[in-house]
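Coordinates in review
Okay, here's what each chain looks like letter by letter:
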Amino acid sequence: MNKPAVTVTNQDGSVINADSIRKLYGDFIAVAGITLRVEPGETYGLLGPNGAGKTTTMRMLAGLSPVDSGSITVSGIDVIKDNRAVREVMGVVTQHDGLDNGLTVFQNLFLFGFLAGQSRKDAKYRAHQVLEFFGLRERSKDNTYELSGGMKRRLAIARSMMSSPQVIVMDEPSTGLDPQSRNRVWEELAILKDAGVTVLLSTHYMEEATVLCDRLSIIDHGKILDEGSPEQMIERHAPREVAQMRVTPAALRKVREYLDTHSINFREVGALVSVTGVNGERPDLSGLEDVEGVCTSYRVGNLEDVFLAITGKELRD
Ligand SMILES: Nc1ncnc2c1ncn2[C@@H]1O[C@H](COP(=O)(O)OP(=O)(O)OP(=O)(O)O)[C@@H](O)[C@H]1O
Ligand SMILES: [Mg+2]
């Protein structure tokens, strides 16, 4: 597939530069002054719980929703002044696919290109290229409503590539997909990255953020709470080690009592009790070694712990 033209950057060398953007719905502040820069070829993630303001932020960056204040430049284009021009350089994959279910796979691609200003001939040519690239050739004549969720997502990503964008904004590209389809989406994103495309994505999946993102920010209540590479964020906020105990219902009371009386921090998620020690070091659980129904293993800190430490919420809600 054609590589995108050399990425045009902003004056400061970034591809996306948002400064103090805000969005209000009536009195409610959905985005409360977000500032971020995405560098050429970078994959940048927005991690946040439901309602954090991810979609609102991305829609403003893509020129799909007006800002109340602040400034946005994408590839040298002032998005606030010229929200049409930004669509020529930016691909968008929205949270809900927005595919036309009444059309075939090919028609969805073709029409998108055509409506974006490509000639019939160019749109047709590009649609065939994109079908090939995303392994959708065999499905090209199928009705879109017949596709599985994973295939629809693939088509939505494929469609965002119709204009050979230098930068793509993807709102939860793999939400609702089974692990296999999710892996496939990750492979596609890795290919885009190799081709030099700059990607801004939002996600609820820690693994997705860890695998794909060069940098990410954690947002809640319309604000960035911290930003960095996954490794930096883990270093800053996660414990070095977390003990995970699988506890049978019969043993649970004993385990809780032990942890409470020893003032050890813990949280329960399903059948797992996660325990962190003082200063993030390995906790001392020797007193539970002989308790029947407790199986303890240790893992290193991860983005899920970062998220919990920063927002006080579980990543999966
Ligand atoms: N059109 C609207 N009118 C009023 N409030 C809105 C509108 N769109 C979003 N909101 C509110 O703004 C806040 C941020 O919403 P947004 O969709 O950006 O969150 P999100 O981080 O994308 O969440 P999710 O993970 O659930 O997709 C939410 O409280 C939401 O209810
Ligand atoms: Mg959203």
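The preceding data block contains the structure.
Below: a short report on this structure. (Residues numbered from 1 in each chain as written. Chains lettered and ligands numbered in written order. Predicted model: local features only at pLDDT ≥ 70, side-chain atom pairs only at ≥ 80, totals over all residues.)

Another aspect to go through is the environment of L315. With respect to the secondary-structure elements, L315 resides in the segment after α10 (303-311). Residues L315 and N50, spaced 265 residues apart in sequence, show a C-alpha to C-alpha distance of 9.5 Å. Ignoring any residue separated from it by four or fewer positions in sequence, one finds L315 in contact with H204, M206, E304 and F307. (Helix = DSSP H or I, 4+ residues; strand = E, 2+ residues; numbered from the N terminus. Contact = placed C-beta atoms within 7 Å.)

Every residue close to ligand 1 is listed here: Y25, A30, G48, N50, G51, A52, G53, K54, T55, T56 and Q95. Sort the elements by how many residues they give to the shell around ligand 1 and helix α1 (residues 54-61) lands first, with three residues. When grouped by side-chain class, the residues that make up the shell around ligand 1 number three nonpolar, seven polar and one charged. (Near = placed C-beta within 6 Å. Nonpolar A, V, L, I, M, F, W, Y, C, P; charged D, E, K, R; others polar.)

Two numbers describe how helix α5 (residues 149-160) lies on helix α6 (residues 179-194): the axes approach to 10 Å, and their chain directions differ by 15 degrees. The angle between α5 and α6 falls in the class roughly parallel. When you trace α5 past α6, the crossing you get is right-handed. Along the contact surface, α5 presents G150, R153, R154 and I157, while α6 presents S181, R184, V185 and E188. (Axes fitted to C-alpha atoms, helices over the stretch in contact; angles between N-to-C directions. Parallel < 35°, antiparallel > 145°, perpendicular 65-115°, else oblique. Left-handed = near helix turned anticlockwise from the far one by under 90°.)

Across the sheet, four strands lie side by side as β2-β1-β4-β5; this open sheet has antiparallel pairing. Taken across any chain shown, the strands that pair with only one partner, and hence form the sheet edges, are β2 (28-38) and β5 (77-78). Contacting β1 (16-25), β2 and β4 (69-74), α1 crosses the sheet at an angle of about 120 degrees to β1. (Pairing = 2+ DSSP bridges.)

Strand order in this open sheet of six strands is β6-β7-β8-β3-β9-β10, and the pairing throughout is mixed. Two strands bound the open sheet, and with one partner strand each, they are β6 (90-93) and β10 (223-228). Each strand of the sheet is rotated relative to its neighbour by a mean of 15 degrees, with strand direction disregarded. Relative to β10, strand β9 (residues 215-220) is paired through five bridges, and the arrangement is antiparallel. In the strand pairing of β10, S217 is matched with E227. In the packing of α1 onto the sheet, the strands contacted are β3 (43-47), β7 (167-171), β8 (198-203) and β9, and the crossing angle to β7 comes to about 155 degrees.

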